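Coordinate inspection notes
Chain residues, written in single-letter form:
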Amino acid sequence: MSSMAREIMAFILTTSGWVLVSSTLPTDYWKVSSIDGTVITTATFWSNLWKTCVTDSTGVSNCKDFPSMLALDGYIQVCRGLMIAAVCLGFFGSVFALIGMKCTKVGGLDQTKARIVSFAGFNFVCTGLCSLIACSLYAHRITTEFFDPMYVAQKYELGAALFIGWAGSTLCILGGAVFCLSLSEGMSSSSPYPSDRKAFVHSGVSLMSRAAPQSQSSHVRRPPPDCISSSQQFDKNAYV
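Throughout what follows, the structure given in this document is the object of discussion. (Residues numbered from 1 in each chain as written. Predicted model: local features only at pLDDT ≥ 70, side-chain atom pairs only at ≥ 80, totals over all residues. Heavy atoms only, no water.)

**A few points about the state of the cysteines**
Evaluated as defined, the whole model comprises one disulfide. Shown here is the disulfide that connects Cys-53 with Cys-63, its sulfur atoms set 2.1 Å apart. Its S-S torsion of about 115 degrees marks the bond between Cys-53 and Cys-63 as right-handed, since a negative value means left-handed. Of this pair, Cys-53 sits in strand β3 (residues 51–56) while Cys-63 sits in strand β4 (residues 61–65), placing them 10 residues apart in sequence. Left without a disulfide partner, Cys-180 is nearest to the cysteine sulfur of Cys-126, which lies 8.9 Å away. (Disulfide = S-S within 2.5 Å. Helix = DSSP H or I, 4+ residues; strand = E, 2+ residues; numbered from the N terminus.)

**Let's talk about the pairing of β3**
Pairing analysis gives five bridges linking strand β2 (residues 43–47) to β3, with the strands arranged antiparallel. Within the sheet, the bridge partner assigned to Ser-47 lies in β3 and is Thr-52. In textbook terms, the turn of a hairpin is the stretch between consecutive antiparallel strands, and for β2 and β3 this stretch comprises three residues. Of the pairings in the sheet, the one linking β3 to β4 comprises five bridges and is antiparallel in character. (Pairing = 2+ DSSP bridges.)

None of the figures reported here should be taken as evidence of function without further support.
Here it is in structure tokens:
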């Protein structure tokens with residue numbers, strides 16, 4: 001598989017994962033009331049990061065927003081921050097991925113584009129980790145209360161939003177890892193000289209190699225004039 005096709009596949013994975021992670025924020029069913037051990041169910045309680053609701057047997061739902069942010073439990077505040085950070089990081093990762101991919105005409109040289117797309121992959125990996133931590137922390141709280149025999153309040157089960165968040169986190173991490181591999185490929189395939197400059201240097205070296213024998217032949221050492229004159233005088237006196 002070529003590097004361009006690999007980047008397109010990674011972009012599809014990361015974008016799909018970011019959409020799934022973003023869709024978990026407005027999703028209502030982060031946790032749903034458990035009916036385990038209940039014979040007659042008169043109402044269903046469900047909650048997310050922003051509100052808690054109840055649906056009676058007639059299908060009428062009544063929701064109530066959390067009145068105070070500071071009065072919330074700590075794990076809900078942490079999950080809110082992590083999910084918002086995941087959405088923001090995924091957005092910037094998508095922008096950098098579009099700039100750094102080889103199938104686009106922006107971003108500069110291949111070496112620069114490889115750095116940009118690897119930075120986008122780092123953003124997507126952080127997106128997946130933030131969403132994964134948030135969903136796992138929320139699910140841990142639900143399961144801890146469910147299996148605690150001393151907990152007598154309403155018990156809940158895992159909602160659909162948690163599974164969507166886990167799926168989106170996995171896609172973001174996988175696609176981001178593929179993007180990060182583009183940095184090593186871009187560094188290995190790139191050259192410190194552009195193609196035209198490389199050809200110019202090669203032609204200059206060939207011209208210098210051709211001119212070297214000519215310069216050596218033109219600079220042949222000749223004997224000094226004094227030696228020539230003395231030899232000529234010796235020839236003339238030899239017949240006297």
